Amino acid sequence: LSLVVLISGGGSNLRALLEASEDAEFPARVVAIGADRDADGLALGEEFNVPTFTVPYSSHADRESWGDELLAQIQQWQPDLVVLSGLMRLLPPRVVAALSPNLINTHPAYLPEFPGAHGVRDALAAGVSQTGASLIVVDNGVDDGPIIAQERVPVLPGDTESTLHERIKTLERRLLVQAVLDIANGHVNLKEPSHT
Ligand code: GRF
């Protein structure tokens, strides 16, 4: 299974996929890494010898033209699956339509709880005792696509946004690697992903 992974940040979830794919038994390869900005995680391209591309959101007049350029870059690699792993942009409908359902996203909350760009901060602010991580198939909504996998993590006393986010990311990495494995092995059909 060939993957293009899109990031905006440090790419710790991407690193998990790259490390997993170093095992010859793992049935997926990251063929390219894309970003909407000069993301720190692009350095993983050198480390793991994977091509990278950047489509700066700031260099486009609007979301649609950014999306069209991003889609053109993605399609050059003919991936079987596109993974949004910390991409902090909503994809325009044209891009979702072109890639769906082979387009998944990892979100640091137990959807439908706390969707959007600040799921960790919102959970902390809500004072909940547990939150989680979710893997979804991307549709045109905000974090409201079909759920492929999700699990709970506790919110602990004294948690800060970063300690909670680190705990969530540890789970996200496991869910993401497992989901790619399940998709590659045909155990998950993205057209009707089973709820875990
Ligand atoms: C992840 O928690 C992802 O769910 C969220 O942003 C974070 C990205 O972290 N959208 P990293 O760049 O993979 O370290």
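Bear in mind the structure is a predicted one, so any value in this text is a computation, not a measurement.

Each value, and the rule that gives it
Residues numbered from 1 in each chain as written. Predicted model: local features only at pLDDT ≥ 70, side-chain atom pairs only at ≥ 80, totals over all residues. Heavy atoms only, no water. Helix = DSSP H or I, 4+ residues; strand = E, 2+ residues; numbered from the N terminus. Rg over C-alpha atoms; globule rule 2.2 N^0.38 Å. Buried < 20%, exposed > 50% of the residue type's maximum accessible area, 1.4 Å probe, protein only. Contact = heavy atoms within 4.5 Å. Areas by Shrake-Rupley, 256 points an atom, 1.4 Å probe, with all protein chains shown as cover. Lys, Arg positive; Asp, Glu negative; His and termini not counted. Charge placed at Lys NZ, Arg CZ, Asp CG, Glu CD. Polar contact = N/O pair within 3.5 Å; in protein donor to acceptor, adjacent residues only side chain to side chain. Near = heavy atom within 4 Å. Nonpolar A, V, L, I, M, F, W, Y, C, P; charged D, E, K, R; others polar. UniProt positions renumbered as here; feature names shortened; annotations may be inferred. Expected span 1.5 Å × (residues − 1). Arc of directions from axis to C-beta. Core = buried A, V, L, I, M, F, W, Y, C linked by side-chain atoms within 4.5 Å. Pairing = 2+ DSSP bridges. Axes fitted to C-alpha atoms, helices over the stretch in contact; angles between N-to-C directions.

1. Considering the overall build of the protein chain
Right, so step 1: Each helix and strand in the protein chain was counted, giving six helices and seven strands.
Right, so step 2: Listed by position from the N terminus, the elements making up the protein chain come as β-α-β-α-β-α-β-α-β-α-β-β-α.
Right, so step 3: The C-alpha radius of gyration computed for the protein chain amounts to 16 Å, which stays within 12% of the reference 16 Å derived for 196 residues, consistent with globular compactness.
Right, so step 4: Projected onto the principal axes, the alpha-carbon positions of the protein chain cover approximately 45 × 40 × 35 Å.
Right, so step 5: Across the 196 residues of the protein chain, 48% fall into the buried class.
Right, so step 6: Sequence separation of 24 or more characterises 63% of the internal contacts of the protein chain that already satisfy a separation of 6 or more.
Right, so step 7: For the protein chain, the accessible surface area stands at approximately 9,100 Å², while carbon and sulfur atoms represent 50% of it.
Right, so step 8: Where the 13 positive side-chain charges of the protein chain centre and where its 26 negative ones centre are 3 Å apart.

2. Structural notes on the side chain of Ser21
Right, so step 1: On the secondary structure map, Ser21 appears in the loop between helix H1 (12-20) and strand S2 (29-35).
Right, so step 2: A distance of 2.9 Å separates a polar side-chain atom of Ser21 from the backbone oxygen of Leu18.
Right, so step 3: In contact with Ser21, not counting residues within four places along its chain, are Phe26, Ala28 and Arg29.

3. Quick notes on the site of the ligand
Right, so step 1: Among the 13 residues in the neighbourhood of the ligand, the closest are listed as Gly11, Ser12, His165, Lys169 and Glu172.
Right, so step 2: For the ligand, an oxygen atom lies 3.3 Å from a polar atom in the backbone of Gly10.
Right, so step 3: The backbone of Thr106 places a nitrogen or oxygen atom 3.1 Å from an oxygen atom of the ligand.
Right, so step 4: Within the residue set of the shell around the ligand, elements represented by two or more residues are H1, strand S5 (103-107) and helix H6 (161-184).
Right, so step 5: Looking at which element gives the most residues to the shell around the ligand, the answer is H6, with three residues.
Right, so step 6: Partitioning the shell around the ligand into residue classes produces two nonpolar, nine polar and two charged.

4. What to know about the UniProt feature "site: Raises pKa of active site His" (unreviewed entry) in the protein chain
Right, so step 1: In this structure's numbering, the residues bearing the UniProt feature "site: Raises pKa of active site His" (unreviewed entry) are Asp143.
Right, so step 2: As for its position among the elements, Asp143 is in the loop between strand S6 (130-137) and strand S7 (147-154).
Right, so step 3: Every residue in contact with Asp143, bar those within four places of it in the chain, is listed here: Asn105, His107, Leu111, Pro115, Gly116 and Ile136.
Right, so step 4: A distance of 3.3 Å separates the side chain of Asp143 from the side chain of Asn105, its partner in a polar contact.

5. Comments concerning helix H3 (residues 63-76)
Right, so step 1: The terminal C-alpha atoms of H3 lie 20 Å apart, and with 14 residues this matches the ideal 20 Å at 1.5 Å per residue to within 8%.
Right, so step 2: For H3, the full list of buried residues reads Trp66, Gly67, Leu70, Leu71, Gln73 and Ile74. The arc that holds every buried residue of H3, seen down its axis, measures 165 degrees, which confines them to one face.
Right, so step 3: Its buried side turned inward, H3 meets strand S1 (2-7), strand S3 (52-54), strand S4 (81-84) and helix H4 (93-99).
Right, so step 4: For H3, the side-chain oxygen to backbone nitrogen distance between the N-cap and Glu64 is 3.3 Å, and the N-cap itself is Asp62.
Right, so step 5: Of the residues trailing H3, Gln78 is marked for its positive phi of about 45 degrees.

6. As for the nonpolar core
Right, so step 1: In terms of nonpolar packing, the biggest core is built from 40 residues, with Leu17, Val30, Ile33 and Ile148 touching the most fellow members.
Right, so step 2: Mapped onto this core, the elements with two or more residues apiece are S1, H1, S2, helix H2 (43-48), S4, S6, S7 and H6.
Right, so step 3: No other element matches H6, which puts nine residues into this core.
Right, so step 4: Core analysis: the second largest hydrophobic core is formed by 18 residues, Phe53, Val82, Leu84 and Val95 among them.

7. Some words on the sheet that holds S6
Right, so step 1: As summarised here, the arrangement of the seven strands in space is S3-S2-S1-S4-S5-S6-S7, forming an open sheet in which the pairing is mixed. Where the open sheet ends on each side, the last strands, each with one partner, are S3 and S7. Mean inter-strand twist for the sheet, computed between neighbouring axes without regard to direction, equals 20 degrees.
Right, so step 2: On top of the sheet, H1 reaches S1, S2, S4 and S5; it is set at about 160 degrees to S2, its chief contact.

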